[in-house]
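Overview (structure and organization)
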Protein chains: 2
Amino acid sequence: MDSKVLTYCCPTQIHLGIHALRTLPEIITRLGAKRLLFLTDNGVASTEIFKLVKNILEEQHLPFDLFTDIEPDPSHTTVEKAHQIYEKNKATHLLTLGGGSTIDVGKAVGILAANGGRIQDYEGIDRFPNPPVPLLAIPTTAGTGSEVSGSCVITDTDRSLKLSIRGSTLNRAKVAILDPLTLSSLPHHVAAHAAMDAFVHALESYVSLNANPITDAMNLYAIGLISQNVRPFVANRSNLEAGLQMLCAASLAGMGFSNTGAGNIHCMARFVGAFFHVPHGLANAVCLPYGADFNLMASPQKYARLASAMGGAVHGMTTLEAARTAIDAIRRLNGDLGIPSRLREIGVTENRISEMARLCFEANYNRWNPRYTTVEDFQLLFEKAF
Amino acid sequence: MDSKVLTYCCPTQIHLGIHALRTLPEIITRLGAKRLLFLTDNGVASTEIFKLVKNILEEQHLPFDLFTDIEPDPSHTTVEKAHQIYEKNKATHLLTLGGGSTIDVGKAVGILAANGGRIQDYEGIDRFPNPPVPLLAIPTTAGTGSEVSGSCVITDTDRSLKLSIRGSTLNRAKVAILDPLTLSSLPHHVAAHAAMDAFVHALESYVSLNANPITDAMNLYAIGLISQNVRPFVANRSNLEAGLQMLCAASLAGMGFSNTGAGNIHCMARFVGAFFHVPHGLANAVCLPYGADFNLMASPQKYARLASAMGGAVHGMTTLEAARTAIDAIRRLNGDLGIPSRLREIGVTENRISEMARLCFEANYNRWNPRYTTVEDFQLLFEKAF
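Residues numbered from 1 in each chain as written. Chains lettered and ligands numbered in written order. Predicted model: local features only at pLDDT ≥ 70, side-chain atom pairs only at ≥ 80, totals over all residues. Heavy atoms only, no water.

Right, let's get into the domain arrangement of chain A. Residues and elements named next belong to chain A. Partitioning chain A into domains gives domain 1 (13–182) and domain 2 (187–385). A C-alpha centroid distance of 25 Å is found between domain 1 and domain 2. Counting from both sides, the interface comprises 25 residues of domain 1 and, opposite them, 26 residues of domain 2. A buried area of about 2100 Å², summed over both sides, lies between domain 1 and domain 2, and 66% of it is on carbon and sulfur atoms. Sorting the residues of domain 1 by area buried against domain 2 places A142, K162 and P180 first, and these three jointly supply 26% of that buried surface. There are three residue pairs in polar contact (both at pLDDT 80 or more) connecting domain 1 and domain 2. (Domains from an automatic or database assignment. Contact = heavy atoms within 4.5 Å. Buried area = accessible area lost by both parts, 1.4 Å probe. Polar contact = N/O pair within 3.5 Å; in protein donor to acceptor, adjacent residues only side chain to side chain.)

Here the focus is the interface of chain B and chain A. Across the contact, 40 residues belong to chain B and 40 residues belong to chain A. For the interface between chain B and chain A, the tally reads zero salt bridges. The leading source of residues in the side of chain B that touches chain A is strand β1 (residues 6–16) of chain B, at eleven residues. In terms of residue class, the side of chain B that touches chain A is made up of 23 nonpolar, twelve polar and five charged. (Salt bridge = Lys/Arg side-chain N within 4 Å of Asp/Glu carboxyl O. Helix = DSSP H or I, 4+ residues; strand = E, 2+ residues; numbered from the N terminus. Nonpolar A, V, L, I, M, F, W, Y, C, P; charged D, E, K, R; others polar.)

Attention now moves to the pattern of salt bridges. For the structure on display, the rule yields 20 salt bridges over all chains. A salt bridge links A:E48 to A:K51, with the shortest nitrogen-to-oxygen separation between them at 3.2 Å. Taken as a pair, A:E48 and A:K51 lie in helix α2 (residues 48–59) at a separation of three residues, close to a single helical turn. The partner of B:D73 in a salt bridge is B:K162, and the shortest N-O contact between them spans 2.7 Å. Highlighted residues: B:D73 in the loop between β3 (64–67) and α3 (76–88) and B:K162 in strand β8 (residues 161–166), separated in sequence by 89 residues. Taken individually, B:D73 and B:K162 each receive the classification buried, so the pair is uniform in this respect. (Buried < 20%, exposed > 50% of the residue type's maximum accessible area, 1.4 Å probe, protein only.)

All names here are of chain B. Along the polypeptide, I85 turns up in helix α3. Using a relative accessible area of 25% as the deciding quantity, one classes I85 as partly exposed. Between the C-alpha atom of I85 and that of I125, which follows or precedes it by 40 residues, the distance is 27 Å. Residues within four places of I85 in sequence aside, it is in contact with L37, D65 and F67.

Before going further, it helps to examine the relation of the copies chain B and chain A. For these two chain copies, the linking operation is a rotation about an axis paired with a shift along it. Each copy superposes on the other: chain B lies on chain A with an RMSD of 0.0 Å after a rotation of 180° and an axial shift of 0.0 Å. Read as a symmetry element, the transformation amounts to a two-fold axis. For chain B, the minimum C-alpha distance to the rotation axis belongs to B:P11 and amounts to 1.9 Å. Mapped onto chain A, 100% of the interface residues of chain B again fall at the interface, so both copies present the same surface. (Least-squares fit on C-alpha atoms with pLDDT ≥ 70 in both.)

Here we come to helix α8 (residues 264–276) of chain A. Residues and elements named next belong to chain A. Over its 13 residues, α8 extends 18 Å from the first C-alpha to the last, a length consistent with the 18 Å expected when each residue adds 1.5 Å. Across the 13 residues that make up α8, a large majority, 13, are buried. Note on α8: the residue one or two positions beyond its end, H277, has a positive phi of about 50°. (Expected span 1.5 Å × (residues − 1).)

Each pair of aromatic rings is reported with the distance of its centres and the angle of its planes. Summed over the entire model, instances satisfying the criterion amount to eight aromatic pairs over all chains. Relative to A:F50, the ring of A:F38 has its centre 5.5 Å away and its plane inclined at 35°; by these criteria the two rings are tilted. On the criterion of sequence distance, the pair formed by A:F38 in strand β2 (residues 36–40) and A:F50 in helix α2 is long-range, its members being twelve residues apart. Residue classification places A:F50 among the buried residues on the basis of a relative accessible area of 6%. By way of ring pairs, the aromatic residues A:F38, A:F50 and A:F64 are connected into one cluster. Geometry around A:F294 places A:R371 over its ring, the cationic atom sitting 4.0 Å from the centre. Against the face of B:W368 rests B:R367, its NZ or CZ located 4.1 Å from the ring centre. (Phe/Tyr/Trp six-rings, centres within 6.5 Å; stacked < 30°, edge-to-face > 60°. Lys NZ or Arg CZ within 6 Å of the ring centre and 35° of its normal.)

Written out as structure tokens, the structure reads:
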């Protein structure tokens with residue numbers, strides 16, 4: 001480690017456990033909420049978990065307004081609509097029941113409610129002066145870690161671009177409830193994509209130029225939890241033990257990458273997602289083996305430890321041998337979860353590769369990625385992955 | 001894991017790195033401090049690091065008042081004196097440069113400044129209604145993790161008792177700076193005692209009844225960092241790389257135990273410290289092998305993983321065999337650091353054992369300790385350790 005000064009912060013209070021949702025009334029009381037804007041998507045709104053949360057709010061006689069029109073890769077217009085309801089009804093707090101898209105809309109509404117303006121005004125790092133209004137997040141996927149991360153991603157549909165909005169200490173949920181009951185109605189593929197999203201966060205944060213012993217602790221353990229639990233969890237989303245471990249892994253990875261920045265894989269997935277409307281977790285998962293293989297030479301020791309955390313039998317191997325088994329283990333994991341191995345299988349077309357490579361380079365993930373990556377490198381990475 | 005709902009929170013923002021102290025001006029600006037109460041002890045006040053911090057404050061033209069009369073196991077009267085200076089000079093923020101004692105005085109002053117009254121009024125959990133005034137902590141030992149923990153310990157000298165004051169979300173430093181330059185003038189034995197304090201925090205939190213995957217991540221990694229770095233660090237406190245790893249380990253362990261509670265070792269050390277004025281880290285270190293051996297049967301799998309995290313060659317062993325090697329490794333570690341193996345060697349007298357056993361039982365660490373412990377068990381533990 002050189003003499004760079006790094007930072008770690010995660011102020012979210014996490015309540016975790018099977019049936020952790022039963023702490024919702026005490027949390028609402030503690031937060032002093034007078035009226036909630038309750039954000040969810042139409043899929044979640046048809047589940048038993050939604051009814052359970054709604055019943056808890058009604059039993060508490062806590063007024064709330066419901067907004068359910070949240071799409072995957074949510075747009076700036078969705079944020080604006082939700083924000084109008086928040087203002088019109090004079091809500092005091094935000095509640096999200098959903099995956100990364102819903103939490104990100106919650107964060108974006110929280111920024112607008114406290115700062116006014118348009119969400120496009122806040123693209124970048126620490127661009128909003130006032131702390132967002134408090135957000136209570138109940139994730140229904142184990143993936144993004146958005147509940148503890150200092151960022152949200154909103155699609156600017158006017159410009160076909162994903163806006164990345166980050167806040168070093170402000171932009172987290174005030175409270176998160178990790179209850180695996182919320183995962184039990186997840187479709188197989190959504191569970192798999194979200195899990196690999198968390199895996200990519202943990203891996204890219206672990207090898208980031210800003211990695212430090214505190215984030216290493218979280219990322220390495222997250223990788224172990226995912227490696228041990230993702231197969232049983234994706235096989236049966238009602239496996240509450242495995243689901244809880246996966247939720248914790250996703251939060252740990254969120255604490256990690258939001259403090260260190262991500263890397264090439266995340267960067268590639270960002271533009272694949274924006275150009276081809278591929279779910280973020282799936283785009284990450286497909287790019288993962290290629291990006292990991294490219295970065296290995298920057299940090300063989302860390303890749304060897306990654307292999308071990310993934311449960312690999314690396315006893316007696318050299319560092320480089322052990323490191324290479326991590327790439328094999330990643331490919332096997334993707335295969336077991338039914339993740340396609342090529343970008344062409346998820347709708348990417350070859351004619352956009354040069355443009356994506358250029359945008360990846362311009363997005364300057366070289367701030368964080370352990371191997372310096374040129375525009376030509378990105379071109380080759382996309383071609384290999386195509 | 002059963003269906004208990006557990007919580008995790010650590011809102012402290014951590015700046016870490018060799019020369020991380022250079023971020024002090026930007027932190028002070030961000031916190032909006034108008035006048036500091038600068039707390040340190042007379043030992044630290046004679047070091048180069050103290051001069052460095054003082055110079056930074058003077059260059060910033062930030063007015064501050066200095067209070068240096070902080071003793072080990074600080075008393076309630078020390079807290080009252082420091083608080084009077086805070087009030088008299090209308091300070092707005094607290095700065096501590098020192099180990100656990102100094103940070104704990106800072107926390108206690110912060111509670112009084114925001115809530116009035118006497119520090120004795122706040123013994124227990126969440127007894128102070130107002131958030132303490134903001135504290136910026138620069139630890140000069142790698143041990144207590146007090147900068148990120150939700151507790152402070154103040155000795156009530158009228159009653160010869162240690163007051164444990166805890167706050168579930170409030171009682172942490174706002175910002176902590178982990179810079180190993182602060183460790184380089186530590187005496188050998190202080191470095192060793194502090195390190196074993198951190199080790200005990202990590203171990204007791206890892207096997208706590210409230211342990212969860214998030215705290216496990218921190219504790220297990222802290223144990224690995226300490227096991228790898230404590231010998232080189234204690235051998236040479238100017239080893240900045242090892243020092244930084246130790247500071248991170250102490251903070252990780254602090255994040256762990258302040259969310260899970262501690263266990264028998266901590267409990268025994270608490271009364272050994274209060275009765276015989278033994279430094280807290282030393283008392284913890286001497287009690288450690290006895291308490292660990294007693295608890296092993298409650299969680300052999302975790303002890304096996306502990307052995308592995310400590311660098312043990314457990315390949316091919318059964319869980320129980322591997323678990324037992326952890327106790328051997330702990331005894332070797334204590335031996336290498338020059339920690340006495342018996343309580344009699346650190347001034348404990350046999351005639352107080354029954355009283356300490358009774359107080360340990362009444363302190364009810366059975367809320368957290370993985371093996372239920374009766375007053376007779378404590379009696380036997382003290383006798384074995386004597």
